[in-house]
Structures are given as structure tokens and as C-alpha cells.
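# Chains, contacts and geometry: an overview
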Amino acid sequence: MPFFICTACGTQYADGAAPPAQCVICEEERQYVPPRGQTWTTLGPLAQSHVNSYRQYEPGILGIGTQPAFAIGQRALLLRTPGGNVLWDCISLIDDATVTLIKSLGGIQAIAISHPHFYTTMVEWARAFVCPIHLHAADRDWVQRPDAAIKHWDGETLKLWDGVTLVRCGGHFPGGTVLHWAGGANGKGVVCAGDILTVATDRKWLSFMRSYPNFIPLSAREVEAIGQALKPFAFDTIYGHYFDRVIGKDGKQVLEKSVARYVAAVEGKRGY
Ligand SMILES: [Zn+2]
Ligand SMILES: [Zn+2]
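Below is a short write-up of the structure. (Residues numbered from 1 in each chain as written. Chains lettered and ligands numbered in written order. Predicted model: local features only at pLDDT ≥ 70, side-chain atom pairs only at ≥ 80, totals over all residues. Heavy atoms only, no water.)

Here helix 6 (residues 251–266) is 16 residues long and its end C-alpha atoms lie 22 Å apart, about the 22 Å a rise of 1.5 Å per residue gives. On its buried face, helix 6 sits against strand 15 (206–207), strand 17 (216–217), helix 5 (220–230), strand 18 (237–239) and strand 19 (246–247). (Helix = DSSP H or I, 4+ residues; strand = E, 2+ residues; numbered from the N terminus. Expected span 1.5 Å × (residues − 1). Contact = heavy atoms within 4.5 Å.)

The next thing to look at is the environment of Phe 215. Mapped onto the fold, Phe 215 is located in the loop between strand 16 (209–211) and strand 17. Take Phe 215: its relative accessible area is 65%, and that puts it in the exposed class. Remark: the alpha-carbon pair of Phe 215 and Gly 227, spanning 12 residues in sequence, is separated by 21 Å. (Buried < 20%, exposed > 50% of the residue type's maximum accessible area, 1.4 Å probe, protein only.)

The next subject is the packing of aromatic side chains. How two aromatic rings sit relative to each other is given by the distance of their centres and the angle of their planes. Summed over the entire model, instances satisfying the criterion amount to 5 aromatic pairs. Between Tyr 13 and Trp 40, the aromatic rings sit 5.4 Å apart at their centres with planes inclined by 85°, giving edge-to-face as the arrangement. Taken together, the positions of Tyr 13 in the loop between strand 1 (5–6) and helix 1 (24–27) and Trp 40 in strand 2 (residues 40–41) put the pair 27 residues apart, joining distant regions of the chain. Given the relative accessible area of 7%, Tyr 13 is considered buried. We note Arg 145 situated over the ring of Phe 3; from NZ or CZ to the ring centre the distance is 3.7 Å. Over the ring of Trp 205 we find Lys 257; its NZ or CZ atom is 4.3 Å from the centre of that ring. (Phe/Tyr/Trp six-rings, centres within 6.5 Å; stacked < 30°, edge-to-face > 60°. Lys NZ or Arg CZ within 6 Å of the ring centre and 35° of its normal.)

Size it by volume and the largest pocket reaches roughly 310 Å³. What lines the largest pocket is a set of 17 residues, among which Asp 195, Tyr 212, Pro 213, His 241 and Tyr 242 lie closest to the centre. Taken together, the residues of the lining of the largest pocket sort by class into 7 nonpolar, 7 polar and 3 charged. Put simply, the second largest pocket is a space of about 160 Å³. Along its surface, the second largest pocket is lined by 16 residues, and Thr 66, Ala 69, Phe 70, Gly 73 and Gln 74 are the ones closest to its centre. (1 Å grid on protein atoms, 1.4 Å probe; cavity = no way out; pocket = protein on both sides within 12 Å on 5 of 7 lines; lining within 4 Å. Points joined across faces, edges and corners; volume = space filled by probe spheres on them. Nonpolar A, V, L, I, M, F, W, Y, C, P; charged D, E, K, R; others polar.)

The next point concerns the nonpolar core. Of all hydrophobic cores here, the largest spans 41 residues; its most connected members are Ile 108, Ile 111, Ile 113, Met 122, Trp 125 and Ile 133. Counting only elements with at least two residues in this core, the list comes to strand 1, helix 1, helix 2 (43–49), strand 4 (61–67), strand 5 (76–81), helix 3 (96–104), helix 4 (122–129) and strand 8 (133–136). For Ile 133, the residues in contact, after removing those within four places along its chain, are Ile 111, Ile 113, Met 122, Val 123, Ala 126, Ala 149, Ile 150 and Lys 151. Counting 25 residues, the second largest nonpolar core, distinct from the first, contains Val 178, Ala 193, Ile 226 and Phe 235. (Core = buried A, V, L, I, M, F, W, Y, C linked by side-chain atoms within 4.5 Å.)

The next subject is the coordination of the zinc ion (ligand 1). When a metal carries six donors in an octahedron, the ideal angles between them are 90 or 180 degrees, while four donors in a tetrahedron ideally lie at 109.5 degrees. The coordination sphere of the zinc ion (ligand 1) contains the protein donors Cys 6 (SG), Cys 9 (SG), Cys 23 (SG) and Cys 26 (SG), at a distance range of 2.2 to 2.3 Å. Coordination at the zinc ion (ligand 1) comes from 4 donor atoms whose angles at the metal span 104 to 117°, giving a geometry best classed as tetrahedral. The exposure class of Cys 26 is buried, given its relative accessible area of 2%. (Donors = N, O, S within 2.8 Å, 3.2 Å for Na, K, Ca; no water. Tetrahedral: all angles 85-135°; square planar, octahedral: opposite > 155°, others 65-115°.)

Now for the packing of helix 3 against helix 4. In contact at an axis separation of 11 Å, helix 3 and helix 4 are set at 50° when each is read in the N-to-C sense. Taken together, helix 3 and helix 4 sit at an angle that is classed as oblique. Every pair of crossing elements has a handedness; the one defined by helix 3 and helix 4 is right-handed. Here Thr 98, Val 99, Ile 102 and Lys 103 of helix 3 lie close against helix 4, whose contacting residues are Trp 125, Ala 128 and Phe 129. Residues that form the contact of helix 3 with helix 4 fall into these classes: 5 nonpolar, 1 polar and 1 charged. (Axes fitted to C-alpha atoms, helices over the stretch in contact; angles between N-to-C directions. Parallel < 35°, antiparallel > 145°, perpendicular 65-115°, else oblique. Left-handed = near helix turned anticlockwise from the far one by under 90°.)

Structure, rendered in C-alpha cells:
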């Protein structure tokens with residue numbers, strides 16, 4: 001039985017003889033159904049038409065993304081930390097080459113995902129590498145393919161192991177999560193942000209939205225809460241959700257000034 005994948009958002013659905021009537025992720029205001037209408041694929045055909053590509057950002061951090069771009073087009077990160085390897089965020093295409101390469105690097109000990117738009121084929125990844133998937137419980141209703149590998153966590157932080165912490169920021173989704181690795185950036189710390197903090201096109205600022213495709217902003221209160229959630233953590237580099245969206249240094253200051261600019265803008269204040 002095939003597991004159908006939405007071609008607009010990359011979400012894989014639980015077993016069914018026919019594709020779902022609609023994609024509930026894409027029908028919701030934070031995503032969209034393309035003008036061509038709803039279409040579906042499965043992993044087999046996707047692996048024929050697409051391949052994964054890789055970029056090493058720093059020792060211990062590899063980007064993995066699909067070419068040509070598929071669905072939302074995000075790239076995942078493989079973090080090779082002393083306590084184990086983490087797959088941060090997920091992409092739909094998992095093929096033989098990807099499994100072979102990652103196994104040769106020690107496999108994956110944990111998967112963690114920022115929010116439901118990137119849940120994609122997480123269950124396929126968890127089965128290939130025999131590891132748990134850590135998702136924030138506030139977004140549990142968005143899981144379209146339930147599985148025993150999925151571990152929902154509650155509260156504000158979850159320490160995976162020494163130096164690797166999931167931080168609930170909320171915003172884009174109530175359970176919107178980022179990952180902090182204290183040992184990244186030569187010990188200065190990194191934040192893997194998905195699009196919970198979005199690295200802006202100039203790669204000098206961050207912004208924050210409820211819906212990126214439909215331009216729905218967050219409130220000042222929600223964005224201030226994102227800043228507060230990361231206050232206890234030291235970090236220099238911020239990895240966004242596309243290959244080229246990285247803030248290479250001074251990430252902590254960039255977050256602080258970006259929260260201040262956002263709040264001033266939505267409160268109608270000028271001069272930021
Ligand atoms: Zn979809
Ligand atoms: Zn999203």
C-alpha cells in the first residue's frame with residue numbers, strides 16, 4: 001500500500017488505497033494549495049525524479065536538501081555532536097544514497113522537527129535509522145502518519161543530551177521549536193531555527209510570521225516570547241531552513257535587534 005505525499009507541502013499520509021481527498025496542512029491558512037490543484041506522489045517516483053544534495057557548513061553540521069526543489073524546499077541538517085547525531089527538521093526524499101551516506105557517518109540517534117510543515121516523511125527516516133522523533137505536544141493534532149517512534153514532549157525545553165536542547169518558541173505554530181547546540185560554531189553555540197526564526201533574505205536580520213506564503217504576521221507579544229525563550233542560551237550562528245539562509249555570526253545580537261525591530265514595526269513606531 002502506498003503512503004501518499006502531498007507535492008505542495010511534502011507531508012506523507014498514513015496508508016490508504018487512494019490519495020486523501022485533500023491535504024489538511026495545505027488547506028490551512030499557514031500553507032496553500034497551488035493553482036494547479038492538489039497533487040500527490042509516493043517515495044518511489046520521487047526518488048526517480050529527484051536527488052538529495054549536501055553542504056557542509058562547519059565541522060559537525062551538514063545540510064541535506066532535495067534537487068530540484070520539492071514541496072516547500074527546506075533543507076534538513078545533520079548535526080554530528082559528541083552525544084550522538086541529530087537530524088534537525090526533515091525532508092520528504094529519503095533514498096538509498098542518503099541512507100548509505102548517513103549510516104557511514106554513524107546514523108541518526110534522534111530526529112527533532114521545528115513544526116508540522118517539516119514533518120514530511122519523518123516516519124520513513126525513523127524506521128531507516130531506528131531512532132525516536134521528538135515533536136512538541138502542542139502540535140500533536142497535525143501528525144498525519146502516527147507512529148510509535150513519535151515522542152511528544154511538553155513544556156519549554158527538552159534536553160536530548162549534553163549540550164543539545166530543544167527550545168519551544170511558539171509563534172508560527174504553538175509548538176514551534178528550535179534546537180540549540182552549545183558545541184556548534186567552535187563552542188560559541190548554534191541555533192537551528194527552521195522558520196520559527198526566519199533568516200531574512202538579506203541574511204542580516206530575522207523575522208517571524210504566522211504564515212509566510214499568506215503574509216499573516218504574529219503579534220508583538222508572540223515575538224517577544226520567542227526572544228524570551230532563547231534568552232538563557234548563548235549562540236553565534238543561526239541556521240534558517242534553506243541552504244543559503246544562515247546568519248554566520250553575532251546571532252544572539254541579531255535576534256535581539258530583530259525582535260525589537262519587529263515589535264516597533266507592528267506597534268506603528270518608527271525610527272528603529
Ligand atoms: Zn500539503
Ligand atoms: Zn512553516
